[in-house]
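Letter by letter, the chains look like this.
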Amino acid sequence: VERSERDAMVETQIRARGIRDGRVLDAMREVPRHRFVSQHLRTQAHQDRPLSIGMGQTISQPYIVALMTEALRPQAAHRVLEVGTGSGYQTAVLARLVSHVDSVERIPELADAARRVLQELGVTNVTLHLGDGSCGLQTAGPFDGILVTAGSPEVPRPLMEQLRVGGRLVVPVGDAFHQTLTTVVREPTGFRTHGGIGCVFVPLIGAHGWEERKTGYE
Ligand code: SAM
């Protein structure tokens, strides 16, 4: 059942909207998206929208996952950094396409849940980290690709610095309500930046993102 739902999801939501990278399409047919949402949302797992994963966070819309993954131009030998593990779904898609994925999440409960699912699915080329991914991951870089799955007020400088020459950084940049999917390519002499479609992500909270919002009671 899920396999045919995923095939339909890829055809109608992803291929029909212009995603052409065959490896990306295959990865999205293979990764069992329903395993990354809670039991009561499983029947909705392949719908054309983001879903709640608890802690005020979301698993991104399938098309957005595909678009960001394609923008990274993933190759089999690449090492990739993901900022915002969330459910671990995007992590699992990347893990099928590149040699190794480091992924950083700031909320322990989400990192734990993602670790459990990835383990159950036998995904071994992933290292999950707890912390502020807006600073990147000094020890593991430089990376061939960096994917940020939360909205940032600007392109986080440390992430640019952790790109290999030729490497690509994909990050939603804008205010809290609307961002532009932005790609930064590191060239031998500097950085080339170009904008893509509009999108809406939960905020990147950290030293190079947004300040955590206070409740007003403390
Ligand atoms: N890629 C995820 C998936 O497939 O489920 C979607 C992630 S959700 C849209 C964004 C995630 O980024 C949230 O889990 C949030 O806690 C996390 N996040 C926000 N700011 C962060 C930061 N500075 N470092 C690491 N994770 C962060």
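In short, a report on the structure. (Residues numbered from 1 in each chain as written. Predicted model: local features only at pLDDT ≥ 70, side-chain atom pairs only at ≥ 80, totals over all residues. Heavy atoms only, no water.)

### Quick look at the packing of aromatic side chains
Then, number 1: Applying the stated criterion across every chain, the model contains one aromatic pair.
Then, number 2: When the ring of Phe36 is compared with that of Tyr89, the centres are 5.8 Å apart and the planes differ by 65°; the resulting orientation is edge-to-face. Pair noted here: Phe36 is in the loop between α2 (22-30) and β1 (51-54) and Tyr89 is in helix α4 (residues 89-95), with a separation of 53 residues, a long-range link.
Then, number 3: Taking relative accessible area as the criterion, Phe36 reaches 5% and is therefore assigned buried.
Then, number 4: Assessed through its relative accessible area of 1%, Tyr89 is described here as buried.
Then, number 5: Just above the ring of Tyr63 sits the side chain of Arg17; from NZ or CZ to the centre is 5.1 Å.
Then, number 6: Between the NZ or CZ atom of Arg33 and the centre of the ring of Tyr89, over which it lies, the distance is 4.9 Å. (Phe/Tyr/Trp six-rings, centres within 6.5 Å; stacked < 30°, edge-to-face > 60°. Helix = DSSP H or I, 4+ residues; strand = E, 2+ residues; numbered from the N terminus. Buried < 20%, exposed > 50% of the residue type's maximum accessible area, 1.4 Å probe, protein only. Lys NZ or Arg CZ within 6 Å of the ring centre and 35° of its normal.)

### Describing the site of the ligand
Then, number 1: The full set close to the ligand counts 26 residues, and Ser87, Glu105, Asp132, Gly133 and Ile205 are the nearest of them.
Then, number 2: Here a nitrogen atom of the ligand sits 3.2 Å away from a polar atom, N or O, in the side chain of Glu82.
Then, number 3: Contacts to the ligand include Ser87, whose side-chain N or O atom sits 2.6 Å from an oxygen atom.
Then, number 4: Within the complex, 99% of the 610 Å² of free accessible area of the ligand lies under protein.
Then, number 5: Looking at which element gives the most residues to the shell around the ligand, the answer is strand β2 (residues 57-59), with three residues. (Near = heavy atom within 4 Å. Polar contact = N/O pair within 3.5 Å; in protein donor to acceptor, adjacent residues only side chain to side chain. Areas by Shrake-Rupley, 256 points an atom, 1.4 Å probe, with all protein chains shown as cover.)

### Structural notes on the pairing of strand β7 (residues 163-174)
Then, number 1: Here strand β6 (residues 143-148) runs beside β7; their pairing, made up of four bridges, is parallel. Of the residues in β7, the one forming a bridge with Phe143 is Leu163.
Then, number 2: Looking at chain direction, β7 and strand β8 (residues 179-187) are connected through seven bridges and run antiparallel. Along β8, the bridge assignment pairs Pro172 with Leu181.
Then, number 3: Between β7 and β8, which follow one another and run antiparallel, lie four residues. (Pairing = 2+ DSSP bridges.)

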